[in-house]
Amino acid sequence: MRYEFRVTGRVSTPLADTFPELDRASVPRQTLFFGTVTDEAHLYGLLARFQDLGLHVEEMRRLPD
């Protein structure tokens, strides 16, 4: 399953590097993280990591395979 996470603001490179399994791109006022999520535990782990690092996920969506 592929997912996209839209995070508020620009995320610094060192902070973004804490998500090595996701690719990223910057758009105005957001940073996009996207990539393969292996299962539900991985998905919730990613969301917990975003929260632990103080990143605000504005939107999350599943991408077509």
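Computed from a prediction, not measured in an experiment: that's the story for all the values here.

About the thresholds
- Residues numbered from 1 in each chain as written.
- Predicted model: local features only at pLDDT ≥ 70, side-chain atom pairs only at ≥ 80, totals over all residues.
- Heavy atoms only, no water.
- Buried < 20%, exposed > 50% of the residue type's maximum accessible area, 1.4 Å probe, protein only.
- Helix = DSSP H or I, 4+ residues; strand = E, 2+ residues; numbered from the N terminus.
- Pairing = 2+ DSSP bridges.
- Phe/Tyr/Trp six-rings, centres within 6.5 Å; stacked < 30°, edge-to-face > 60°.

A. Quick peek at the pairing of strand β3 (residues 30-36). Within β3, five of the seven residues are buried, which leaves it mostly tucked inside the rest of the structure. Bridge count for strand β1 (residues 2-8) against β3 is seven bridges, and the pairing is antiparallel. Of the residues in β3, the one forming a bridge with E4 is F34. In this structure, strand β2 (residues 23-27) lies alongside β3, joined through five bridges in antiparallel fashion. Among the inter-strand pairings, R24 is bridged to a residue of β3, identified as F33. Where β2 folds back on β3, the antiparallel hairpin that results is connected by two residues, among which R29 adopts a positive phi of roughly 70°.

B. Here's a closer look at the packing of aromatic side chains. Counted by the stated rule, this structure contains five aromatic pairs. Ring plane angle 45° and centroid distance 5.3 Å describe the contact between F5 and F50, whose orientation is recorded as tilted. One end of the pair, F5, is in strand β1; the other, F50, is in helix α2 (residues 40-52), with 45 residues separating them in the sequence. Judged by its relative accessible area of 0%, F5 falls in the buried class. Judged by relative accessible area, which is 0%, F50 ranks as buried. Arranged with centres 5.3 Å apart and planes meeting at 55°, the rings of F19 and F33 form a pair that is tilted. Of the two residues, F19 is situated in the loop between α1 (13-16) and β2 and F33 in strand β3; the sequence distance between them amounts to 14 residues. In this structure F33 comes out as buried when scored by relative accessible area, which is 0%. Three or more aromatic residues joined by ring pairs form one cluster here, namely Y3, F5, F19, F33 and F50.

As far as function goes, none of this settles anything; it's purely spatial.
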